[in-house]
Amino acid sequence: MADETVLITGAGGGLGGATAKLFADRGWRVLAADLTPPEPAENLIPLAVDVTDPASVAAALEQAQTHAPQGLDAVVTFAGIMFAGALVEVEDEDMRRIVDVNVLGTYRVIKAAFPMIHRRGGRVITISSETGWQKALMLNGPYAMTKHAIEAYSDALRRELMFLGIPVSKVQPGPFRTNMVSGIRTTFDRARDRSTYFPALTGKVGTMAVGEEKRANDPAVLAETVWRAATSAKPKRRYSVRPDKSRVVMNRLPDALLDPLLKKVLGPAR
């Protein structure tokens, strides 16, 4: 029987699924939570959860308690969605949804899991994004807003929980091969078809974003980073993992240079 237990949200596939498998293969008890959780396997226990529903989160943590009465060594919050579109055109429901999943979902799970983390003297690992520390770009506003919020949440949480001896680390992935990345073209096509003011711009930005898929990294790289954050005697506060080089360069440019450059390269907005 495994001695260490980790709760991973968004473990039904993608980066969360790869991370859940790595922890299970290395002998941890993995509580793999998702709307559609993975099939049970050695050291891997599926938990159905909707992170937007407080009752569902509470029920999942009750199940977690039965599987890990000693508490949790780590919680990792991969659950998240992507959205592309102009801020003056995004539907209220789409904005609510991405904030509810990416931000409030993280908050709900960690708050509900905290008694088990505290009992065990475990740690918290939040999943941000390179978008969380970079300047927000056009048509990525809703997603960037949520990841900037996760950065602020993680910093505040870390500075609270350090008084209880509980480490908090944030992981900031660049482009990795996941369903989220592979669906970028569909996401931008949908945004373009719905746009009144920015259809041409959305098409151009979508084409550029598809290039991320070609540069996307192996999920195993990120899973190893999360493993280090969970097992290191002195975990880092921040793990930046394979950020996109072009975005790093853009982030370093002063806004007075970046804004006109983007306008020149991408052309008129309509």
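Right above here is the structure, for reference.
Everything in this summary refers to the structure shown in the same document.

Cut-offs and rules
Along each chain, residues carry numbers from 1 onward, in the same order as the chain's sequence is written. Where local features are concerned, this predicted model is filtered to residues with pLDDT of at least 70; where side-chain atom pairs are given and counted, the filter is 80 or more; whole-chain, interface and lining totals use all residues. Heavy atoms from the whole structure form the basis of all side-chain values; hydrogens and water molecules are not counted. Here the nonpolar core consists of buried residues drawn from Ala, Val, Leu, Ile, Met, Phe, Trp, Tyr and Cys, with membership extended through side-chain atoms lying within 4.5 Å. Per-residue accessibility, obtained with a 1.4 Å probe over protein chains only, is compared with the maximum for each type, and a residue is labelled buried under 20%, exposed over 50%, and partly exposed between these values. Runs of E in the DSSP output that reach at least two residues are strands. Runs of H or I that reach at least four are helices, and both are numbered from the N terminus. Contacts are assigned to residue pairs that have any heavy atoms within 4.5 Å of one another. Two N or O atoms count as a polar contact when they lie within 3.5 Å, although within protein this holds only if one can serve as hydrogen donor and the other as acceptor, and sequence-adjacent residues are included solely when both atoms are side-chain atoms.

Concerning the nonpolar core
Then, in step 1: In terms of nonpolar packing, the biggest core is built from 27 residues, with Ile 8 and Phe 23 touching the most fellow members.
Then, in step 2: Contributions of two or more residues to this core are made by strand 1 (5-9), helix 1 (14-25), strand 2 (29-34), strand 4 (74-77), strand 5 (123-127), helix 9 (219-231) and strand 7 (238-241).
Then, in step 3: The element best represented in this core is helix 9, accounting for six residues.
Then, in step 4: Leave out the neighbours within four places in its chain, and Phe 23 touches Val 6, Ile 8, Trp 28, Val 30, Val 226, Trp 227 and Ala 230.

Here's the deal with unusual backbone geometry
Excluding glycine, most residues fall at negative phi; most peptide bonds, likewise, are trans.
Then, in step 1: Phi is positive for Asn 43, which is not a glycine, with a value near 70°.
Then, in step 2: Residue position: Asn 43 is located in the loop between strand 2 and strand 3 (44-48).
Then, in step 3: Of the residues examined, Asn 43 reaches a relative accessible area of 26% and is grouped as partly exposed.

Some remarks on the side chain of Ser 195
Then, in step 1: Its place among the elements puts Ser 195 in the loop between helix 7 (184-194) and helix 8 (199-215).
Then, in step 2: On the basis of relative accessibility, which here comes to 13%, the residue Ser 195 falls in the buried class.
Then, in step 3: Side-chain polar atoms of Ser 195 contact the backbone nitrogen of Phe 198, separated by 2.8 Å.
Then, in step 4: Leave out the neighbours within four places in its chain, and Ser 195 touches Glu 89 and Thr 202.

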